[in-house]
Amino acid sequence: MIEIRAHGRGGQGAVTAMEILAKAAGLDGKYTQAFPNFGVERRGAPVRAFCRISDEPITIRSQVYEPDYVIVLDPSLSNLPEISSGLKQDSVILINSNNSHNFKEKTYHFDATTLALDVLGKDIVNTAMLGVFAGVTGLVPLEPILSVLDERFNGKVAELNKQLVERAYNETRGE
Amino acid sequence: MRGGMPAESRKERKGEIMKKKEAKKIMSGAHAVAEAVRLCRPDVIPMYPITPQTKISETIAEMSADGSLDAEIIRVESEQSAISACVGASAMGVRTYTATASQGIALMHEILFIASGLRLPIVMGVANRSLSAPINIWNDQQDSVSQRDAGWIQLYVENAQEAFDTHVQTFKIAEETRLPTMVCLDGYLISHTYEPVNILDASSVSRFLPRYKPKVSLNPSNPIAMGTLATPEHFMEFKKQQQEAMENATGVIKRVNREYASVSERSYGNGLIETTNLDGKEHAIITMGSVAGTARSMLEKEGIGMIRVKAMRPFPKEDIIKACQNIRSVGVLEKDVSLGSEGSLYTEVRSALYNTGSKPKVLGFIAGLGGKDITLDDMKNIMKKIKSEKENVSWV
Amino acid sequence: MVNSNSVSEAAVAGEPGSSKKNKTGSWRTFRPVVTDKCKGCKICEWYCPEGAIKVKEVNGKKTAVIDYDYCKGCMICVEECPQKAVKKERER
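Residues numbered from 1 in each chain as written. Chains lettered and ligands numbered in written order. Predicted model: local features only at pLDDT ≥ 70, side-chain atom pairs only at ≥ 80, totals over all residues. Heavy atoms only, no water.

1. Description of unusual backbone geometry
Point 1. Going from B:S132 to B:A133, the amide bond is cis rather than trans, its omega being -5°.
Point 2. Following the sequence through the fold, B:A133 ends up in the loop between β5 (123–128) and α6 (142–145).
Point 3. Residue B:P134 follows B:A133 across a cis peptide bond; omega there is -5°.
Point 4. Following the sequence through the fold, B:P134 ends up in the loop between β5 and α6.
Point 5. For B:E265, which is not glycine, the phi dihedral falls at a positive 60°.
Point 6. Mapping B:E265 onto the fold places it in the loop between α9 (235–264) and β9 (273–276).
Point 7. Even without being glycine, C:N59 reaches a positive phi, approximately 50°.
Point 8. Within the element layout of this structure, C:N59 appears in the loop between β2 (53–58) and β3 (61–66).
Point 9. Accessibility expressed as a relative area gives 81% for C:N59, which makes it exposed. (Helix = DSSP H or I, 4+ residues; strand = E, 2+ residues; numbered from the N terminus. Buried < 20%, exposed > 50% of the residue type's maximum accessible area, 1.4 Å probe, protein only.)

Put into structure tokens, the structure is as follows:
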């Protein structure tokens, strides 16, 4: 079982990102589970969301304490101690940032904000970071993510988000 | 430019995706509940939103707005009004649904007894959440457990799939027994968690659950009165009827669980309790709701059995006694407490086992109140204590 | 283990004003920046939902001053300024 923890700010779509990831992995034939940290969510406040992906049915209901992957949607969160809480030796951090960070774990940084501003015209990076996750880890293929975006959003929003995911995916693939 | 796979294998993958998509969809528990409600075709749904039930009422409202759910949605000014409107609608003889949580069900308290006393088969989803104060929006089961004396059937589910399945079963159970029924799903842990759910097709549900035909109902061309005064000579007789209806409900719940299995290939124990890994075990955990999933993941490793209580009302006393026949100690893990006493499920399990020959030791665990996460470590410690066979009640 | 002594009795919050300790300025993706065009008309001060803007005299001239410890970067001031004197900049 792979466990993922996403850190974002209220309104940035960390919860939606985990939902889309779970749905995409589900389309890919995996058992999945996605849930928010159930906080009192205010726009801008730090929030967490979780996703589990497995070849077996998932019954466990507790939160994720030792994630295999951490996705950070907002560079300003990189100073929070909870980002690296519970990380294992081979855990991987994927962070939206235009510069490198000194985490002791393996870290990939990708400037999703600039790409999102370019494609969407807005600083909403949740889908871009899914492209990064798919690109870097190869754990979920691109195709089901695009299918979920088509289902989850309408018309232009779906199109632009698909473009965004594809670009993030292509720029990070095999890194 | 599309990166990734060559066009052909992408096409193949899309075919694969389509096949799997038909089988199971990833959705939130709240969405699964709304899907079940739509398939069960209620005529009237009075609703008042409250966290974490809101996702259920929102989705039902969306379905009504897009025309895919043909029910009279009544937007009321409180939960007390919601359940009162349910009483009125159900008395008119139509299938009636509502959903609530926490303070909402507390505000309904008065009318819950009226609904059951009038023998109205209202179905209500409860997205379990703690009761204030201190104010807390997270999950425990204090809200519905506190209503266990209200004369409603109470069924607790473990996951989104069971929330769907139990909703479909429950309309049938309520209408056959003429008892209002709550389907209790853990707030957030089920309501807001996305996981695979298999949605039955409409024709299977229609066959399983035909149109509701009330035994009695209000009808201006054939007038009757409901809820008239019962003097001391008769009041207890009516209560005895309700008690007998509850006793008969155990059989109905078991049968409906079997019937549902024949249309869905899914069933949950005998409908009242579900035992797992119990054969040949000396120790067992007894619990309700989604935390059973966390326990489930450790049963084999810890060499312990599980009895998941699905029906809190009617309380499956005989089934629990039978399941505990060869058990030396059981631990009752629950997300509620009767302050000044102990956990309510613990009290009932202990009472059920009091007269049995084997009389296993019964340990109590109060946990997860106000959303406190029950971790794998917590579960390991709980199971260790159960195996120690030292009777006491502890707060995890 | 649950320790009842670790919290106040009956959830009483004894110390007023503790929400000031929660500096919400770190929540910004963009920051509003007041430029020379500001005439100190106070419209941004009134509109700011966080009370994070005060018009003050700086070097003999009235101007809006933003408290970046609490500004969440909602950009309502940018939207409301009649002089277009508040710029939106990417947070560093």
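2. Points about the interface of chain B and chain A
Point 1. Counting residues at the interface gives 34 residues for chain B, matched by 33 residues for chain A.
Point 2. Interface area, chain B with chain A, both sides summed: about 2800 Å², of which 57% is carbon and sulfur.
Point 3. On the surface where chain B and chain A come into contact, there are two salt bridges.
Point 4. In this structure, B:E195 and A:R61 form a salt bridge, with 2.9 Å as the shortest nitrogen-oxygen distance.
Point 5. Between the two partners, chain B and chain A, sit eight residue pairs in polar contact (both at pLDDT 80 or more). (Contact = heavy atoms within 4.5 Å. Buried area = accessible area lost by both parts, 1.4 Å probe. Salt bridge = Lys/Arg side-chain N within 4 Å of Asp/Glu carboxyl O. Polar contact = N/O pair within 3.5 Å; in protein donor to acceptor, adjacent residues only side chain to side chain.)

3. Here we look at a nonpolar patch on the surface
Point 1. Together, B:L339, B:W395 and C:V2 give the surface a local cluster of nonpolar side chains, amounting to about 320 Å² of exposed area.
Point 2. By the element assignment, C:V2 lies in the segment before β1 (30–34).
Point 3. Exposure remark for C:V2: the relative accessible area of 41% places this residue in the partly exposed category. (Patch = residues over 30% accessible without salt bridge, like charges linked within 9 Å, V, L, I, M, F, W, Y side chains within 5 Å. Areas by Shrake-Rupley, 256 points an atom, 1.4 Å probe, with all protein chains shown as cover.)

4. Comments concerning the domain arrangement of chain B
Residues and elements named next belong to chain B.
Point 1. Taken domain by domain, chain B consists of domain 1 (24–217 + 228–262) and domain 2 (275–395).
Point 2. Counting from both sides, the interface comprises 27 residues of domain 1 and, opposite them, 24 residues of domain 2.
Point 3. On inspection of domain 1 and its partner domain 2, the count reaches seven salt bridges.
Point 4. One salt bridge in this structure joins E158 and R296, with 2.6 Å as the shortest N-O distance.
Point 5. Linking domain 1 with domain 2 are 19 residue pairs in polar contact (both at pLDDT 80 or more), by the criterion used here.
Point 6. Counting residues per element, the ones that place at least two in the side of domain 1 that touches domain 2 are α6, β6 (153–156), α7 (160–177) and α9.
Point 7. The element that contributes the greatest number of residues to the side of domain 1 that touches domain 2 is α9, accounting for five residues.
Point 8. A breakdown of the residues in the side of domain 1 that touches domain 2 according to their chemical character gives 12 nonpolar, eight polar and seven charged. (Domains from an automatic or database assignment. Nonpolar A, V, L, I, M, F, W, Y, C, P; charged D, E, K, R; others polar.)

5. Examining the nonpolar core
Point 1. In this structure, A:I4, A:M18, A:L21 and A:I71 are the most contacted members of the largest nonpolar core, which totals 50 residues.
Point 2. Looking at which element gives the most residues to this core, the answer is helix α1 (residues 14–27) of chain A, with nine residues.
Point 3. Among all residues touching A:I4, those that are not within four sequence positions of it are A:M18, A:L21, A:A49, A:F50, A:C51, A:I53, A:V64, A:P67, A:Y69, A:I71 and A:F133.
Point 4. With 47 residues, the next largest nonpolar core counts B:I153, B:I173, B:L185 and B:Y260 among its residues. (Core = buried A, V, L, I, M, F, W, Y, C linked by side-chain atoms within 4.5 Å.)

6. Here's the deal with the packing of aromatic side chains
Residue and element names in this part refer to chain A.
Point 1. Tallied over the entire structure, the rule returns four aromatic pairs over all chains.
Point 2. Summarising the aromatic geometry, the rings of Y69 and F133 are spaced 5.5 Å apart at their centres and angled 85° between planes, so their arrangement reads as edge-to-face. Here Y69 is found in strand β4 (residues 69–72), whereas its partner F133 is found in helix α3 (residues 126–137), with 64 residues between them in sequence.
Point 3. Residue classification places Y69 among the buried positions, given a relative accessible area of 18%. (Phe/Tyr/Trp six-rings, centres within 6.5 Å; stacked < 30°, edge-to-face > 60°.)

7. What to know about the sheet that holds strand β4 (residues 97–100) of chain B
Residue and element names in this part refer to chain B.
Point 1. The sheet built from five strands is open, its strands ordered β4-β5-β7-β6-β12 with mixed pairing. The open sheet has two edge strands with one neighbour each: β4 and β12 (311–313). On average, each strand axis in the sheet is inclined to that of its neighbour by 20°, with strand direction left out of account.
Point 2. One ladder, built from four bridges, connects β6 with strand β7 (residues 181–186); its direction is parallel. Note on β7: the bridge partner recorded for I153 is T181. (Pairing = 2+ DSSP bridges. Axes fitted to C-alpha atoms, helices over the stretch in contact; angles between N-to-C directions.)

8. Remarks on the sheet that holds strand β10 (residues 283–287) of chain B
All names here are of chain B.
Point 1. Taken in spatial order, the six strands of this open sheet run β9-β11-β10-β13-β14-β15, and their pairing is mixed. Looking along the sheet, the strands with just one partner apiece sit at the ends: β9 and β15 (393–395). Shown here is a sheet whose adjacent strand axes are inclined to one another by a mean of 20°, direction ignored.
Point 2. Sheet analysis places strand β14 (residues 361–366) next to β15, joined by three bridges and oriented parallel.

9. Overview of a positive patch on the surface
Point 1. Taken together, C:K42, C:K54, C:K56 and C:K62 make up a surface patch of like positive charges.
Point 2. Along the polypeptide, C:K56 turns up in strand β2. (Lys, Arg positive; Asp, Glu negative; His and termini not counted. Charge placed at Lys NZ, Arg CZ, Asp CG, Glu CD.)

10. Re the confidence of the model for chain A
Do not read the predicted coordinates in detail wherever pLDDT is low.
Point 1. Overall, the prediction assigns chain A a mean pLDDT of 93, with 98% of residues at 70 or greater.
Point 2. Across chain A, element-level confidence peaks in β4(A) with a mean pLDDT of 98 and bottoms out in helix α2 (residues 112–119) of chain A with 94. (pLDDT = per-residue confidence, 0-100.)

11. Things to note about empty space enclosed by the protein
Residues and elements named next belong to chain B.
Point 1. In this structure the tally under the stated criterion is three cavities of 30 Å³ or more.
Point 2. In this structure, the largest cavity encloses a volume near 160 Å³.
Point 3. As for the largest cavity, its lining consists of 19 residues, of which L189, K335, G371, K372 and D373 are closest to the centre.
Point 4. In terms of residue class, the lining of the largest cavity is made up of seven nonpolar, eight polar and four charged.
Point 5. When residues of the lining of the largest cavity are assigned to domains, at least three map to each of domain 1 (24–217 + 228–262) and domain 2 (275–395). (1 Å grid on protein atoms, 1.4 Å probe; cavity = no way out; pocket = protein on both sides within 12 Å on 5 of 7 lines; lining within 4 Å. Points joined across faces, edges and corners; volume = space filled by probe spheres on them.)

12. Details of helix α5 (residues 155–172) of chain A
Residue and element names in this part refer to chain A.
Point 1. Its 18 residues place the ends of α5 26 Å apart at the C-alpha level, agreeing with the 26 Å of an ideal helix rising 1.5 Å per residue.
Point 2. Turning to α5, its buried residues number three or more, namely A158, L160, N161, K162, L164, V165, E166, A168, Y169 and T172.
Point 3. Considering only its buried residues, α5 is in contact with β6 (106–110), α2, α3 and α4 (142–152).
Point 4. Phi turns positive one or two residues past the end of α5, at G174, with a value near 70°. (Expected span 1.5 Å × (residues − 1).)

13. A few points about the packing of α1(A) against α3(A)
All names here are of chain A.
Point 1. Put simply, α1 and α3 touch, their axes get as near as 9 Å, and they point 45° apart. As summarised for this structure, α1 and α3 are arranged oblique, according to the angle between their axes. Like other packed secondary-structure pairs, α1 and α3 cross with a definite hand, here right-handed. Together, T16, A17, I20 and L21 of α1 and N126, T127, L130 and F133 of α3 make up the contact between the two elements.
Point 2. By residue class, the composition of the contact of α1 with α3 is five nonpolar, three polar and no charged. (Parallel < 35°, antiparallel > 145°, perpendicular 65-115°, else oblique. Left-handed = near helix turned anticlockwise from the far one by under 90°.)

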